[in-house]
Amino acid sequence: MPSSTLANNIFALGKHHNYLVAGNVCNAFVLGELGAQDDFFLVGAEPPDNSSHPLLTGNVLDSKGRLLFRLVRNVLTINPGRCIKTLGTQGGYEIHDSDGMQIVKVTTRLEKLPGIPNEGYITTMSANFFNRSGMLVFKAHGGDGQEHIESSGKTAFGFDKVFGYVQGFTDEELDIAKTILASAGALNG
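Residues numbered from 1 in each chain as written. Predicted model: local features only at pLDDT ≥ 70, side-chain atom pairs only at ≥ 80, totals over all residues. Heavy atoms only, no water.

Chemist: Explain the packing of aromatic side chains here, please?
Modeler: Here the structure, examined in full by the defined rule, presents seven aromatic pairs. With a centroid separation of 4.8 Å and an interplanar angle of 45°, the aromatic rings of Phe 159 and Phe 163 are classed as tilted. Clustering of aromatic rings is evident, with ring pairs tying together Phe 11, Phe 157 and Tyr 165. (Phe/Tyr/Trp six-rings, centres within 6.5 Å; stacked < 30°, edge-to-face > 60°.)

This is how it looks when you write it as structure tokens:
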């Protein structure tokens, strides 16, 4: 699959909460090999009205392709990497590996972004995501003015009955993604 760069887009907007994923604003997103037990995937579902807490679900692997942890609706459920989650403000958090190295940083704040009509909760992430082969498949750095996503993997951004942008997913996989998003990440494997 060819690599693509995506930045500065606005896909389906949430009523009170959106994700800013590598410079792209959306109410929900899906990345990677959905529901895989041994590969990377990450789903950001739209939280209930007025919630400042993002709903993130997925597998995060290290640079050698080993599972560090599974996150289900922001909760570490499987944690062979003995990672530690520390809470921040307004629904944000950081996850560090057993050596104290930051793996994922999630930040949520109330703000108004250019091109968005109303102020709302915006969640950003900083992380490097690897697949089971140890290849860097997604890179996101929240808060960086030069944000973009370089992806050779499967991506879908913004959801309102259909996805606003899709790369690499089959129709069957998109049906699975819709089920995961409808459950706000609770159904994921």
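Don't stop here, the text continues.
Chemist: Looking at this model, I keep getting lost on the pattern of salt bridges. Mind explaining?
Modeler: For side chains of opposite charge, pairing can occur when their charged atoms come near one another. One pass over the full model with this rule turns up six salt bridges. A salt bridge links Asp 38 to Arg 132; the nearest nitrogen and oxygen atoms lie 3.0 Å apart. Taken as a pair, Asp 38 in the loop between strand E4 (29–32) and strand E5 (41–45) and Arg 132 in the loop between strand E12 (120–130) and strand E13 (136–141) lie far apart in primary sequence, 94 residues in all. A relative accessible area of 43% means that Asp 38 is categorised as partly exposed. Put simply, Arg 66 and Asp 62 hold a salt bridge, and the shortest N to O gap is 2.8 Å. For Asp 62, a relative accessible area of 14% gives the class buried. (Salt bridge = Lys/Arg side-chain N within 4 Å of Asp/Glu carboxyl O. Helix = DSSP H or I, 4+ residues; strand = E, 2+ residues; numbered from the N terminus. Buried < 20%, exposed > 50% of the residue type's maximum accessible area, 1.4 Å probe, protein only.)

Chemist: Help me understand the side chain of Asp 62, please; the structure alone is not making it clear to me.
Modeler: Within the element layout of this structure, Asp 62 appears in the loop between strand E6 (55–61) and strand E7 (67–72). Apart from residues no more than four positions distant in its own chain, Asp 62 is found in contact with Leu 68 and Phe 130. (Contact = heavy atoms within 4.5 Å.)

Chemist: Before we go on, may I ask you to explain helix H1 (residues 171–182) in this structure?
Modeler: Side chains three or four residues apart in an α-helix point the same way, a direct result of the helix having 3.6 residues per turn. The terminal C-alpha atoms of H1, which comprises 12 residues, lie 16 Å apart, in line with the 16 Å expected from a rise of 1.5 Å per residue. Listed in full, the buried residues belonging to H1 are Glu 173, Leu 174, Ala 177, Ile 180 and Leu 181. End-on, the buried residues of H1 take up no more than an arc of 115°, which puts them together on one face. Residues Asp 171, Glu 172 and Ala 182 are exposed on H1 and point more than 90 degrees away from its buried face. Next to the buried residues of H1 lie E4, E5, strand E15 (155–160) and strand E16 (162–167). In the segment just after H1, Ala 184 is the residue with positive phi, at about 55°. (Expected span 1.5 Å × (residues − 1). Arc of directions from axis to C-beta.)

Chemist: Would you explain the nonpolar core in this entry?
Modeler: For soluble globular proteins, the rule of thumb is that nonpolar side chains tend to be buried together. Judged by nonpolar contacts, the single largest core of 41 residues is most densely connected at Phe 29, Val 30, Leu 34, Phe 40, Leu 56, Phe 69 and Phe 129. For Phe 29, the residues in contact, after removing those within four places along its chain, are Tyr 19, Val 21, Leu 42, Val 43, Gly 44, Leu 56, Met 125, Ala 156, Phe 157 and Leu 181. By size, the runner-up hydrophobic cluster in this structure holds five residues, among which are Val 25, Leu 113, Ile 116 and Ile 122. (Core = buried A, V, L, I, M, F, W, Y, C linked by side-chain atoms within 4.5 Å.)

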